[in-house]
Amino acid sequence: MGYFRELPDLLYQSPYSNRISSGAYISAKNIFRRMKIRDDLKNNFSVFNKYEIRDGERPDIVAKNLYGKSNLDWVVLITANIINVRDEWPLSSKELYDFTVSKYGIKEINKVKHYETTEVKNMNGAIILPKGKIVDENFKIRKPDIANEATTTINPVRGVTYYEYEVEENEKKRNIDVLRGQYLQEFIIDIKNEMIYKRSSQFVNDKLIKTENTRVTN
């Protein structure tokens with residue numbers, strides 16, 4: 001991922017047992033220096049487009065489609081506000097099936113996890129019960145009956161299996177915000193500027209700081 005190439009470095013006291021001396025340092029990427037989108041851009045909806053992630057699409061594929069470079073996958077993730085790809089990016093159909101089996105067991109995935117309401121409208125077409133509310137299996141409501149101007153007791157409930165539940169949760173992850181191409185270079189320049197260190201007691205240069213070595217005493 002090109003993201004890590006953009007992170008600045010830090011010199012950290014060597015944790016290795018074969019270090020040359022107590023004053024030895026190693027160079028590492030400063031993973032605590034997190035990139036984020038500028039607040040004024042984040043709140044400007046004209047900067048983004050809506051994007052629906054297709055089955056099996058990875059961040060690098062989306063970046064290739066949008067910006068022509070797969071190593072700009074980090075731009076896709078940052079603008080979509082995704083930190084943990086494993087949990088926040090939708091799984092492919094096969095990955096989702098395998099995940100569900102491993103989580104619940106092959107014999108359980110088609111059993112009912114919970115019950116949800118189905119949509120109910122009155123005689124004027126207005127919704128009197130929205131769909132998707134978790135209820136008991138025997139949940140009932142009284143609905144006006146147009147034919148005899150009375151009311152009818154109905155059971156507007158459907159069972160949701162464990163597999164259906166995981167599919168629905170996975171689908172919620174498909175719609176993300178992506179940066180419009182015309183703002184890409186400005187965004188990358190802003191991010192690179194944010195990765196520059198300001199002068200401090202740890203400052204070595206714009207892209208490098210040195211942490212305190214607790215093994216060395218004065």
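The rules behind the values
Within each chain, residue numbers correspond to sequence positions counted from 1 in written order. Note on the predicted model: pLDDT of at least 70 is required for a residue's local features to be given, and 80 or more for side-chain atom pairs to be given and counted; whole-chain, interface and lining totals, by contrast, use all residues. Hydrogens are left out, water is left out, and the side-chain values use all remaining heavy atoms of the structure. Strands are labelled as partners when DSSP assigns at least two bridges between them. Elements are defined by DSSP. Helices are runs of H or I of four residues or more, strands are runs of E of two residues or more, and each kind is numbered from the N terminus. In what follows, a contact means two residues having at least one pair of non-hydrogen atoms within 4.5 Å. Fitted lines through C-alpha atoms give the axes, limited to the stretch in contact for helices. The angle between two N-to-C directions lies from 0 to 180 degrees. Each pair of aromatic rings taken from Phe, Tyr and Trp, with Trp reduced to its six-membered ring, is defined by centres within 6.5 Å and is described as stacked if the planes are under 30 degrees apart, edge-to-face if over 60, and tilted in the remaining cases. Using a 1.4 Å probe on the protein chains alone, a residue whose accessible area is under 20% of its type maximum counts as buried, one over 50% counts as exposed, and one in between counts as partly exposed. For a Lys NZ or an Arg CZ to count as sitting over a ring, it must be within 6 Å of the ring centre and within 35 degrees of the ring normal.

Student: Quick one: what's the story with the sheet that holds strand β10 (residues 157-161), residue by residue and with numbers?
Tutor: Reading across from one edge, β7-β4-β10 is the order of the three strands in this open sheet, with antiparallel pairing throughout. A strand with exactly one partner marks an edge of an open sheet, and here the two such strands are β7 (134-135) and β10. The pairing of strand β4 (residues 112-117) with β10 spans five bridges and is antiparallel. Bridge assignment links Thr117 to a residue of β10, and that residue is Val157. Relative to β10, helix α7 (residues 162-171) is tilted by about 85°, and along the sheet it contacts β4 and β10.

Student: How would you summarise the packing of aromatic side chains if you had to cite specific residues and measurements?
Tutor: The final tally for this structure, using the stated rule, is three aromatic pairs. Look at Tyr97 and Tyr163: their rings are 6.1 Å apart centre to centre, the planes differ by 70°, and that puts the pair in the edge-to-face class. With Tyr97 in helix α6 (residues 93-104) and Tyr163 in helix α7, this pair connects stretches of sequence that are 66 residues apart. Of the residues examined, Tyr97 reaches a relative accessible area of 36% and is grouped as partly exposed. The ring of Tyr25 carries Lys210 above its face, with NZ or CZ at 4.5 Å from the centroid.

Student: Which residues make up the pairing of β4, and what are the values?
Tutor: In the sheet, β4 pairs with β7 via two bridges, with the strands oriented antiparallel. Each residue of the ladder has a partner; that of Tyr115, found in β7, is Val135.

Student: I'd like to hear about the sheet that holds strand β13 (residues 208-210), residue by residue, with values.
Tutor: Strand order in the open sheet formed by four strands is β2-β1-β13-β12, and the pairing between neighbours is mixed. The sheet is open, and its two edges are formed by β2 (25-29) and β12 (203-205), each paired on a single side. Between one strand axis and the next, the sheet turns by 30° as a mean value, whatever way the strands run. One ladder, built from five bridges, connects strand β1 (residues 9-13) with β2; its direction is antiparallel. Residue pairing across strands places Gln13 opposite Tyr25, the latter belonging to β2.

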